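Results of the structural survey
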Amino acid sequence: MSPIRPARPTRARRTALGVALLTLAPLLGALPPAAAASAPAPATVEEQRLERAVPQEILRRSGFDAPASDFGQALGGARSYAAAERAVVRHGSGLWRRAVDRAQGRGPAEREALPRKGGDGRAELSRDDDRPLYWARLAMTRELRRWQAPFGLPDAARAKLLDRLERSSRGQDSIRFPPGKGVKRVLVTGFDPFTLDRDVRISNPSGATALALDGTVVRTADGPARIETAVFPVRWQDFADGTVERALRPHLPHLDLFTTVSQGRVGRIDVERHNGAWRGGFGDNENVSRTGTVPVDDPASQPQWTTTTLPYREIVAADTGRFPVYDNTSVTEVPAGASAPVVRPDGPTPGSAARAGGGGDYLSNEIAYRATLLRDRLGLPALPGGHVHTPVLQFGAGNTSEVSDPEFVRNRLDIVAQIRAIVTVAAGRG
């Protein structure tokens, strides 16, 4: 059977159609931008690292290679900003919950304590690993930057969606404590992996700690304590934009304890006594450097130093694990009336300018400074809070290429367990 062919238009009709299109062309070109798809944004420095073999292996061996694809499909079905925002929050918070569940042994594919063999014959990554969350989040933010929305999406609107994705996938907007009394409220924060151009395999034990402790209850000498956690980026600009204050401000007045946690020195844990208002310039995960005074609101009232209110004596004295724990009082300052920085082993002197807190002059010092300054500005001098530096998480001897090994996993598990014990000691100080 032959298909039915439509009648060909006559030459007169074709001429009329051409004239009509020429007449409409200026009007079609003048349609508002909202009718056209928005241009995608370029990938960031962090997102560009996704193309390397190690991040792809981490995503594959952890099963976290699917969330970005699922998220991209959800975005593809969004026909309005509101629908896109719902997809962002749903998939962002879902990624955080999935990472927490995996770290805490929940989920159909992550119930076994020992690594299983994956489809490529290599052992699956242990469930305590923080890196799948980091790389999966970047894969999702890259999807959002690439997305060509079928409606008007100005740069500011895309930036807002990216911000919602960051916050929801870091646990920052899902901090929930049970109502009523009888259970202490503890907030712990961690960080993303960093120095990835030095070694892209790097894991951050503070991020692993956040995943392992989120939503858990510990038994302290003063009763039960509920721990909520969040993870922060290693990016100077996010801190200048107030990400720490925005996440912590609603919760600090209702807490019994908070501690920011980051990776610090080899083979030891430090409770940092003093935090300095200085950025030392070390490159962040975007390879951006910043040097100068920590930027905060109301700089006219900004102190050069803040101090921990964690019970450091009790923490140092307690048997919390195999790594030695120190009360670190050292700082680097420019003394009043001087111009050159000096190291002070016993803390800052009156009128000095900060050049490094006990935790250095990088973002670990800055999160401690910001959190304790917020504590003080909110009028909470009795609230225990400060910063704890974990040991550097090291691979086993001779491992220069594999993404994991038994010593690496043991070190991370021991660090997480010891930070949990330190938080338990601190929270038990009624």
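Right above here is the structure, for reference.
What you are looking at is a predicted structure, and each value in this text was computed from that prediction instead of being measured. (Residues numbered from 1 in each chain as written. Predicted model: local features only at pLDDT ≥ 70, side-chain atom pairs only at ≥ 80, totals over all residues. Heavy atoms only, no water.)

Empty space left among the atoms is revealed by rolling a probe the size of a water molecule over them. Under the criterion given, the structure shown has three cavities of 30 Å³ or more. Put simply, the largest cavity is a space of about 50 Å³. Contributing to the lining of the largest cavity are Asp130, Leu133, Tyr134, Arg137, Phe191, Asp192, Pro193, Gly207 and Val231. (1 Å grid on protein atoms, 1.4 Å probe; cavity = no way out; pocket = protein on both sides within 12 Å on 5 of 7 lines; lining within 4 Å. Points joined across faces, edges and corners; volume = space filled by probe spheres on them.)

Before going further, it helps to spend a moment on the sheet that holds strand β11 (residues 331–334). Strand order across the open sheet formed by three strands is β12-β11-β13, with antiparallel pairing between neighbours. Each edge of the open sheet is held by one strand with a lone partner, namely β12 (342–344) and β13 (353–356). Strand after strand, the sheet turns through a mean of 45 degrees between neighbouring axes, direction not considered. In terms of strand pairing, β11 meets β13 through three bridges, oriented antiparallel. (Pairing = 2+ DSSP bridges. Helix = DSSP H or I, 4+ residues; strand = E, 2+ residues; numbered from the N terminus. Axes fitted to C-alpha atoms, helices over the stretch in contact; angles between N-to-C directions.)

Our next topic: the packing of aromatic side chains. Counted by the stated rule, this structure contains eight aromatic pairs. Centre to centre, the rings of Trp236 and Tyr362 are 5.5 Å apart; their planes meet at 80 degrees, and the pair counts as edge-to-face. In this pair, Trp236 is assigned in helix α9 (residues 236–240) and Tyr362 in the loop between β13 and α12 (363–377), connecting sequence segments 126 residues apart. What makes Tyr362 buried here is its relative accessible area of 12%. For the pair Phe395 and Phe408, a centre-to-centre distance of 4.1 Å together with 5 degrees between the ring planes defines the contact as stacked. In this pair, Phe395 sits in the loop between β14 (385–390) and α13 (406–427) while Phe408 sits in helix α13, placing the two residues 13 residues apart along the sequence. Comparing Phe395 with Phe408 shows no difference in burial state: the two are buried. Three or more aromatic residues link up through ring pairs in this structure, and these residues are Phe194, Trp236, Phe282 and Tyr362. The lysine or arginine in question, Arg98, covers the ring of Phe64, its NZ or CZ lying 4.7 Å from the ring centre. One Lys or Arg, Arg268, reaches over the ring of Tyr326 and ends 4.1 Å from the middle of that ring. (Phe/Tyr/Trp six-rings, centres within 6.5 Å; stacked < 30°, edge-to-face > 60°. Buried < 20%, exposed > 50% of the residue type's maximum accessible area, 1.4 Å probe, protein only. Lys NZ or Arg CZ within 6 Å of the ring centre and 35° of its normal.)

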